[in-house]
Every structure is written in structure tokens, then in C-alpha cells.
Amino acid sequence: MTGGFPARYGNKRSGVFDVTSRTPERERTRLDVGVSFMNTRAMGSGSFAGGNGSWLGFARVGYMGPVFQFIDQADLPKPYYEDAFGKVSYKLSDRHVLSLELQHARDGYVYEIPATTGFLDTINTRERADNHYGNSYVWTTLASTLGPRTTVHTLLSAGLVTRARNGSERDVRRVAPFYYLNNDRTFTTFGAAQDWSHGLSDRDIVSLGVDFRQQRNDDKYQTIIYQDPDDPEPPAPGEFPIVTNTRFVKSGSRLGAYLSNRWRVVSPLVVEAGVRYDGATWTGDHDWSPRVSAALSLGRGMTARVGWGYYRQMQAIDEVAALNGDTTFYRSGSRSNGPRVGTWRGPRARCFESRATGSAAPTCGPCSGTGRGAIDAFPEVGEDRMKVFPDHNESKGIEVYFDRPLGQRLTARASYAYSIANEDVLSMVNVNSTELLPYDLHHPNPEDQRNAANADLTWRTGAWSVNGSLGYHSGWPATHEQLVPVTNELGQPDYTIRPVKIYGERLPDYFRLDTRVARQWRSGWETSAPRAR
């Protein structure tokens, strides 16, 4: 890329990843197996049809139980994950290559932890959550060369994303729960895209393309309340169960198109200019985004890059949830895509349960008040849920990147980025409480990360390789909590947890150091078993 990402990439404001799957070696079959404390994986690749075809397969299963035992956290919920990838390519002719690819991922966790509920938290309970998430995609690509200067890529794709969340809480002396919550979501997408590239000359390349997607999101939510634990009196006949069913279904299409020209003005200078269109039926967006960027080679492996353009991001069809209560879609230019819903608690905050809300209805949500090991399986019903009405936001920064071999065996990579991301809001309001939130109209964006640095060093000799990597970034914005005296529903003095100021503090700086030592054994099947720590 010359500077900012060009018109080919759309519907993103901050950045893009251009990921290309690996092309297997056609000369031989290869098998790679790895086992660690966190996962087991296997990968194979090879060729067929006299080298005209190739195949690649990868699968991995993750398990966190041994790791939690090692760090003395055996009582934590034990999540699991699995993923797989497969690719088959076949050379139809000298000008056409057809490939079929499949990617699948599934993860989830089941946990049951002690908690308390009822009048003055006098009932010992067990909270249970059973959550599963799945992602499956399949796509086929035809890469064609229509002469010495023209290439065409045609893509057909389909995807399925699922989510199933179940939660309940029961008295330890009983089997029947006080309440039960269920949320199921199914998202489907079908797409067709085509990209053309034509060289007008050795210095001038024109690119154009179109991307169409048909999508549907089905979000269902159900709550069943069997008993009010705050009320010791027997319920009136017919009062329970209280059943609430909510469903939100939305389908629509999305269209993207672009035209871009990349021109080498003089030997060290490349300029790229283009325009992009993005539209979606569910938001009513019809966005035009001009882009201009340039790259100037400074010699000795150094390049200066600059870019300007409009970068818009439409609200996705699956970004409206039945649990949030707001089923309105907003255009990309309307107050930074409309209000967003989230929580003000940071990743280090403990999950507390307030008993001074004065609510007459039972509070439902598997959010443990025990603190250690608590996971908020249904954040939508938490007392820290808030809705933010943004006015505008601004991000700017600079990045320096270094990548160079230091001799024949040593390779070094390093990068540093300084950036500022702030936002201005119209208001912030509690979703599940009437309490006012303390906040500043101008504050850091929740993802504001002022300093970030990465360094990677790899040494290879023969069958051995040693790698070390260091990652650092400054602390993200966080919200501190405080204990506030209140008067409970009985008129007695009590305490509850309230935020000090939304995004008013920062988490500590983050450091991470990883090392990896691997050795490769060769055989007729070209097997390797890396050992890492």
C-alpha cells in the first residue's frame, strides 16, 4: 500500500488486513504436528494430478484446563475451542486457477459457580452459564490472466455465524431455577465479488471491482422467571412463571464498488488515487469515499508514506441485538453511526451485584458477586450497561517499522506507533438503572492506545530455530469504581458500587515476552514436530 489503504478496501475506518492463505509446495507431501499445554494441532499439504492440483489442511483443538492448574487457578471456567481450515487448488490452464477454501471455528464454555441472592443475600445459590459460538465460511476463487497486462479475480462465498447463550440461577437446596435466560443468534451471508487489474503501461495500473453481499440476522431472546427470591411470601396463583420472548429479524443487501489508479510518477515516487462507493439497504447508506496516497522511497530500505481520504464504516446488520432494546439502524454519517451500547466496567473490574436499586422486579443475570472467576455471560442485563450517544471522534498517529535480516541466520523486526484517539459525546445514559453516570463530554476513545511497540528476533541454523518477541502498549482507558453509601429499600444505611468517572483512568501498561524453540525432523513424509515453551 502506498499510504492509507486504497479504494479497493471499504467499509472500514481504521485499517485492514489483507490475508492470503498459504500455497502448498507441489513437489512433496508435508505433515506437521504440534502439542502444547494449550492446544494440539496438525497440518498437512501436498499435490495431485501431476502437480496441477494442491491441497492444504489444518486443524487445532484447544484446552485451558492444564494451564489453569499450572497457574493455580483451577476454579476458573475452562473454555475450549476448535478450528479447521482446508484448501484445494487446481490449475485449469495456463491462464486460470480455481480454488475452494473452507474455514470453521467453534468455541464455548460451561461453568457453575457459587453466588447469593434473595432478601439481604441470605440464599446461597449456584449460577450456571452454557455458551457456544460458531463460525463457518466457504468460498471459491477463480484467478484468471487475460493477457500480459490484465488479471481478474472472481469470488463466490457463503458464511454462517451462530451464538447460543443459556444462563440460570438456583437455590443450592433445589433443582428448579429462580430464572432462566436464553439467547440464540444466527447470521448468514452470501457474496459475489470480482476485481479487475489492467496495466496501461509499466508505470500505470488501473484497478476496479464490485462486491455484493446478501445477509440475514435472526436474534431471539427468552427469559422465564419462576420465583422472586426477594419475596419470602408465597406468590399469588398465576403470578409465575413470567415468560418474555423477544425476536428481531433483519435481512438486506450490501454493495461496494471502486475504481483506483496507481501511477509511478518518477522512479522513487508512487501515487495512487481512487474513489469508492458503499451502500446498505438496512441503513440507507449511499457513501462515496475519495482516496489519495503516495509513497516515496528514501533509499536504504526506507519509505515515506502519506495518505488522505474519507474512510466510512456502516453499521453491520448483526450489530443490533434484541437484548439491547434498540432495533434502529443508523447511517454512517449520522452522529458517528448512532448510539452504541456497552459496559463501563473494564477488563480488570470485579463483577458486583447491587442490592440498593429499589427495583420491585427480581434482578436476573448470571453475573456473580463473588468476584474471583466471575464471567458475565449476559452483559446486556448488567447494572453497568450504558448507551453512548457520540457526536464525533478523531484518530491520528504515526508509525515506524523495521524489517531486515542481520546476516544469514538472524532476522529482526520492530515497530513503534504513537497515536491519539478521542471522542466527543452528546450523552451517556444507564440502560438498566436510573442512576446518572459521571463522564466528560470529551474523553479518550475506549480503544485509545498512545504508545505501542513490538520487537521480534529470529535465529536459524540447520534444523533449529529460536525466536523471541516483545510486545508493549500503554494502558487503555478504564473506569474505576467506588463504594457509595445509600439507603436501601428498607430505609436502612447500605452501600453500592458506582463508577467514579467513565474512562477517567487508565489500566497499567501491558508487557508480553514470548520465546519459542523449534527443531525439525525430516523423513520421507516431511514431518516436523516443533517444541515450544
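Located above this text is the structure these notes cover.
Remember, it's a predicted structure, so these values are computed and weren't measured experimentally. (Residues numbered from 1 in each chain as written. Predicted model: local features only at pLDDT ≥ 70, side-chain atom pairs only at ≥ 80, totals over all residues. Heavy atoms only, no water.)

The number of helices and strands found in the protein chain is one helix and 25 strands. The long-range fraction of contacts in the protein chain, counting pairs at least 24 apart against all pairs at least 6 apart in sequence, stands at 61%. Of the roughly 30,600 Å² of accessible surface on the protein chain, 56% is carried by carbon and sulfur atoms. (Helix = DSSP H or I, 4+ residues; strand = E, 2+ residues; numbered from the N terminus. Contact = heavy atoms within 4.5 Å. Areas by Shrake-Rupley, 256 points an atom, 1.4 Å probe, with all protein chains shown as cover.)

So, on to the pattern of salt bridges. Overall, the coordinates contain 20 salt bridges when judged by the stated rule. The residue Arg126 makes a salt bridge to Glu112 at a minimum N-O spacing of 3.3 Å. Of this pair, Arg126 sits in strand β6 (residues 123-145) while Glu112 is found in strand β5 (residues 96-117), placing the two residues 14 residues apart along the sequence. With relative accessibility at 31%, the residue Glu112 sits in the partly exposed group. (Salt bridge = Lys/Arg side-chain N within 4 Å of Asp/Glu carboxyl O. Buried < 20%, exposed > 50% of the residue type's maximum accessible area, 1.4 Å probe, protein only.)

Moving on to a nonpolar patch on the surface. A grouping of Phe48, Trp55, Val88, Tyr90, Leu92 and Leu98 is seen on the molecular surface, where their side chains present a nonpolar patch of about 500 Å² in accessible area. In this structure, Phe48 sits in strand β2 (residues 39-48). Under the relative-accessibility criterion, Phe48 is labelled partly exposed at 35%. (Patch = residues over 30% accessible without salt bridge, like charges linked within 9 Å, V, L, I, M, F, W, Y side chains within 5 Å.)

So, about the packing of aromatic side chains. Under the criterion given, the structure shown has eight aromatic pairs. For the pair Phe85 and Trp139, a centre-to-centre distance of 6.5 Å together with 40° between the ring planes defines the contact as tilted. Taken together, the residues span a long stretch of sequence, with Phe85 in strand β4 (residues 80-91) and Trp139 in strand β6 at a distance of 54 residues. Across this residue pair, the class does not change: Phe85 and Trp139 are buried. Ring centres of Tyr277 and Trp288 lie 5.1 Å apart, and the angle between their planes is 50°; this geometry places the pair in the tilted category. Residue Tyr277 is located in strand β11 (residues 269-280), and its partner Trp288 is located in strand β12 (residues 285-299); the two are separated by 11 residues in the primary sequence. Assessed through its relative accessible area of 55%, Trp288 is described here as exposed. (Phe/Tyr/Trp six-rings, centres within 6.5 Å; stacked < 30°, edge-to-face > 60°.)

Read these as geometric descriptors, not functional statements.
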